[in-house]
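Understanding the architecture of this molecule
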Amino acid sequence: MGLAENGGKVDPAKADEPFNDPFVVKTANEAARKSVMLKDSASLLPIDAEEKILLIEQIFPTHAFAANMYSHPGLLWDEMCKIGSDVSSVEIPYFPSGNDLDRVRMRIGEANTIVMTNYYYHKGASSISNVVREIMDMGKKVIVVTNTPYEFGLPDDFPTGIICFNPGSREHMRAVAEVIYGKLKPTAGLSFDVNADSLTENRSSQD
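Residues numbered from 1 in each chain as written. Predicted model: local features only at pLDDT ≥ 70, side-chain atom pairs only at ≥ 80, totals over all residues. Heavy atoms only, no water.

1. Considering a nonpolar patch on the surface
The cut-off we apply is this: Residues form patches when they are more than 30% accessible in relative terms and have no salt bridge. Like charges link within 9 Å. Nonpolar side chains (Val, Leu, Ile, Met, Phe, Trp, Tyr) link within 5 Å. Here the open area of atoms and residues is found with the Shrake-Rupley method and a 1.4 Å probe, where only the protein chains shown may cover a residue. Salt bridges are counted wherever a side-chain nitrogen of Lys or Arg sits within 4 Å of a carboxyl oxygen of Asp or Glu. Helical segments are the DSSP runs of H or I of at least four residues, strand segments are the runs of E of at least two, and each set is numbered from the N terminus. Accessibility here uses a 1.4 Å probe with only protein chains present; expressed as a share of the type maximum, an area under 20% marks a residue as buried, one over 50% as exposed, and anything in between as partly exposed.
There is a patch of nonpolar side chains on the surface, built from Tyr150, Leu190 and Phe192 and spanning about 280 Å² of accessible area. Structurally, the position occupied by Leu190 is in the loop between α7 (170-180) and α8 (196-206). Judged by its relative accessible area of 38%, Leu190 is partly exposed.

2. Focus on the packing of helix α2 (residues 22-35) against α7
How we decide: Whenever a helix is involved, its axis is fitted only over the stretch in contact; in every case the axis is a line through C-alpha atoms, and angles between N-to-C directions fall within 0 to 180 degrees. Should an angle fall under 35 degrees it is called roughly parallel, over 145 degrees roughly antiparallel, and 65 to 115 degrees roughly perpendicular, with every other angle called oblique. For a crossing to be left-handed, the near helix must be turned anticlockwise from the far one by less than a right angle; the clockwise case is right-handed. Any two residues whose heavy atoms approach within 4.5 Å at even a single point are treated as in contact. Amino acids outside the nonpolar list (Ala, Val, Leu, Ile, Met, Phe, Trp, Tyr, Cys, Pro) and the charged list (Asp, Glu, Lys, Arg) are all regarded as polar, and Gly is one of them.
With their axes 8 Å apart at the nearest point, α2 and α7 run at an angle of 40° to one another. On the basis of their axis angle, the class for α2 and α7 is oblique. Crossing geometry of α2 relative to α7 is assigned as right-handed. Judged by residue contacts, Ala28, Asn29, Ala32, Arg33 and Ser35 of α2 engage Glu171, His172, Arg174, Ala175 and Glu178 from α7. Of the residues belonging to the contact of α2 with α7, the class tally is three nonpolar, three polar and four charged.

3. Digging into the pairing of strand β5 (residues 141-146)
In plain terms, the rule: Only strands joined by at least two bridges in the DSSP assignment are considered to pair. Handedness of a crossover: with both strands directed away from the viewer, a clockwise path from the first strand across the helix to the second marks it as right-handed.
For β5, the buried fraction is high: five of the six residues fall into the buried class. Here five bridges tie strand β4 (residues 113-117) to β5, and the two strands are oriented parallel to one another. When the bridges of β5 are listed, Met116 appears paired with Val144. Crossover handedness for the path β4 to helix α6 (residues 129-137) to β5: right-handed.

4. Examining the confidence of the model for the protein
Spelled out, the test is: By definition, pLDDT measures how confident the predictor is in each residue, and it falls between 0 and 100.
On average, the protein scores 90 in pLDDT, and the residues at 70 or more come to 93%. Confidence over residues 198-207 falls short of pLDDT 50; this stretch has four contacts with residues more than four positions distant or in other chains.

5. Concerning the nonpolar core
Here is the rule we go by: To form a nonpolar core, buried Ala, Val, Leu, Ile, Met, Phe, Trp, Tyr and Cys residues must be joined to one another through side-chain atoms within 4.5 Å.
Judged by nonpolar contacts, the single largest core of 26 residues is most densely connected at Met80, Val115, Ile162, Val176 and Ile180. Of all the elements in the fold, those that place two or more residues in this core are β2 (53-59), α4 (75-81), β5 and α7. Per-element tally for this core: the top contributor is α7, with six residues. With near-sequence residues (within four places) excluded, Val176 lies in contact with Leu76, Val145, Ile162 and Cys164. Judged by nonpolar contacts, the second largest core, of 21 residues, contains Leu101, Ile108, Ala111 and Met136.

6. Some details on unusual backbone geometry
At the junction of Leu45 and Pro46, the peptide bond is cis and its omega measures out at 0° in the coordinates. Counting through the fold element by element, Pro46 comes out in the loop between β1 (37-40) and β2. Notably, Ser43 is not glycine yet its phi reads approximately 55°, a positive angle. When you line up the elements, Ser43 lands in the loop between β1 and β2. Assessed through its relative accessible area of 58%, Ser43 is described here as exposed.

Below you can see the structure in the form of structure tokens.
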């Protein structure tokens, strides 16, 4: 494959060519659009492009690590603003402090529709499901964006959730924004049940 040629070094001016190759770009967009999933038992979606939305967005580790035009903190807000005309945002660390959550609570009154991320990261999980429940108890319409279909990111009591599998990818965040505003109808699904009861039953039957 030539990976060892010239000590593995490449011309910096050409280093991004594979990333920007038309086939790679097309495949990334197709994968994002075909893999996004939707749970919407509360029928909250789609949202009108002119509706006031407050986005509570975690800084996913990939956002902080890359910090470039492709992947950066505020990536979902960036994509939502390309469709929606009234989207405000509260950006919080992946591991939010008490002060961070107080900033969220201070902004909740700005909108009746809240979009919240509840991401999973394998090197250090940090669920904010308790904050999602707190906001739902206020009578707000809450749409959860997560990267896992399991209880950690989308518990059974969360009626509306969008699942994407790479929150650090612009293509996936674009797909999420399009689902929120009805520009994309998800077609992906799981061939198995992920709720806690079914997982317990499956483990028992295997034993």
